[in-house]
There are 2 protein chains.
Amino acid sequence: MGKIYAVGIGPGNAGKMTEEARQVIAGCDVIIGYTVYVELVRKELKDWELKDKEFITTPMTQEVKRCETAFERARGGKDAAMVCSGDAGVYGMAGLLLEMAEDYPDIEVEVVPGITAALSGAAVLGAPLIHDFAVISLSDLLTPWEKIEKRLAMAAEADFCICLYNPSSKKRKDHLRKACEIMGRSKAGETVCGIVRNIGRDGEESALYTLDQLKDVEVDMFTTVFVGNSQTKKVKGRMVTPRGYSNE
Amino acid sequence: MGKIYAVGIGPGNAGKMTEEARQVIAGCDVIIGYTVYVELVRKELKDWELKDKEFITTPMTQEVKRCETAFERARGGKDAAMVCSGDAGVYGMAGLLLEMAEDYPDIEVEVVPGITAALSGAAVLGAPLIHDFAVISLSDLLTPWEKIEKRLAMAAEADFCICLYNPSSKKRKDHLRKACEIMGRSKAGETVCGIVRNIGRDGEESALYTLDQLKDVEVDMFTTVFVGNSQTKKVKGRMVTPRGYSNE
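In this text the structure is predicted, and so the values were computed from the model without any measurement. (Residues numbered from 1 in each chain as written. Chains lettered and ligands numbered in written order. Predicted model: local features only at pLDDT ≥ 70, side-chain atom pairs only at ≥ 80, totals over all residues. Heavy atoms only, no water.)

(A) Looking closely at the environment of T61 of chain A. Residue and element names in this part refer to chain A. As for its placement among the helices and strands, T61 is situated in the loop between β3 (54-58) and α4 (63-75). Its relative accessible area of 62% is what places T61 among the exposed residues. Sequence separation of T61 and S230 is 169 residues, and the distance between their C-alpha atoms is 38 Å. (Helix = DSSP H or I, 4+ residues; strand = E, 2+ residues; numbered from the N terminus. Buried < 20%, exposed > 50% of the residue type's maximum accessible area, 1.4 Å probe, protein only.)

(B) Helix α8 (residues 175-183) of chain A, seen in detail. All names here are of chain A. Those residues of α8 lying buried are H175, L176, A179, C180, I182 and M183. Projected down its long axis, α8 carries its buried residues within an arc of 160°, all on one side. For α8, the secondary structure elements touched by its buried residues are α7 (145-157), β8 (161-165), α9 (211-214) and β11 (223-227). (Arc of directions from axis to C-beta. Contact = heavy atoms within 4.5 Å.)

(C) Representation of the interface of chain B and chain A within the structure. Opposite the 71 residues of chain B that make contact, chain A presents 71 residues. Taking both sides of the interface into account, the surface hidden between chain B and chain A amounts to around 6000 Å²; carbon and sulfur atoms contribute 59%. On the chain B side of the contact with chain A, L142, R151 and R243 of chain B bury the most area, a combined 12% of that side's loss. The interface formed by chain B and chain A includes twelve salt bridges. (Buried area = accessible area lost by both parts, 1.4 Å probe. Salt bridge = Lys/Arg side-chain N within 4 Å of Asp/Glu carboxyl O.)

(D) Seen up close, a nonpolar patch on the surface. A cluster of nonpolar side chains, namely M60, M221 and F222 of chain A, defines an oily patch on the protein surface of about 290 Å² accessible area. By relative accessible area, F222 of chain A is classed as partly exposed at 41%. (Patch = residues over 30% accessible without salt bridge, like charges linked within 9 Å, V, L, I, M, F, W, Y side chains within 5 Å. Areas by Shrake-Rupley, 256 points an atom, 1.4 Å probe, with all protein chains shown as cover.)

(E) Representation of the pairing of strand β2 (residues 30-34) of chain A in the model. Residue and element names in this part refer to chain A. Taking burial as the measure, the five residues of β2 include four buried ones, the bulk of the element. Both β2 and β3 contribute to a ladder of five bridges, which runs parallel. Along β3, the bridge assignment pairs G33 with T57. The pairing of β2 with strand β4 (residues 80-84) spans four bridges and is parallel. Residue pairing for β4: I31 is matched across the bridge by A81. (Pairing = 2+ DSSP bridges.)

Pasting the structure below:
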């Protein structure tokens, strides 16, 4: 039996991949993933590491099929790396692989963590997530929108720093505006916010806004959004959350 | 003027450090940090990289002084790396450095992200943080305990997966018990929970519990705690949160 690795490759530049992720990918017989990420890791491998390696790319939506392919290859004795952007364990493929592993008692699944967008995006903006924070996806594909609204409301009321994934989709362009309105019931309109687009890739860009301004900012699926807590401030153009509420 | 880098080195084994973090550390003139982490990166450097490098270790509590040292060295033309375990931007030194940077207009501070314990610990347990999650520190050193209680209550009520940092301190041994009681008002007693100790280091150990059992588990400052959402389950001994609430 082969083994399956769920590997987070970080935000998309090789420098932010861990050495462990690189080694695991180099050592596997099969590399599976969404086309963009498979191409990215292929570029990072040395010629001799590419030898006899199979690369399988699947469209973004066929996650179950992608996992089945990994299990089939492992059953055939091959080690397979399922590559995910960011961290495989944060909105990534590690969960589905581990769920499906129930049907493959002999096949081991190991998770190799990576730098998720909350961390890589935060580093671009400054230090917005220094204190307690919540990560919320605005995609209502698999989660009822009411549940997302409740999380936004509660996280804002408890003064969490908040990081939003999938702030926009083709079908619903107004998710971020709605989210800002909900958070605005507890967070001040002047709360420091920031967005980062194309983290770690060509065309990386970032900007700071107030929560009031953020409502009208156009974002896409490559954007990660950060909303500060009541203490977050702008220092020399960076978004900085202090590490506590008292003074030293 | 030199430059200051706030560098997250991950959970403590070199494999989970990013290539960027390694290169930045190797390229700096001065390495500053808590003794354990400075020793860890020193071991990773090659002989020629160690040449002419200054290593400054300070006790855990003197954070302001540690930052001042970095700015002094940068003012003297040296590049300084402030190394932190996990991610420099999650309960790390990036915040304080960026706050203090206001007094040093010419000195640039760059944040190099790393794998924080929420991600590395999650990978050990399985995939507990696949869906929306909140990260909360139970340390009331700089945050009023009432604020921590409110966050626990709201995060539980909104059915977040929850990751707890600093679940215990010498002064207050009962933080985790109290936190479990508060989360237990909204989360079922059978909610799948897990703990990981010494992530990525010698003596790494992990275990799964129910929320009811977690109350009585003894933890220390090297432990990270994970509490599932209403969908989190145990699959082949791993802690797995599904990526949504609907079926495909």
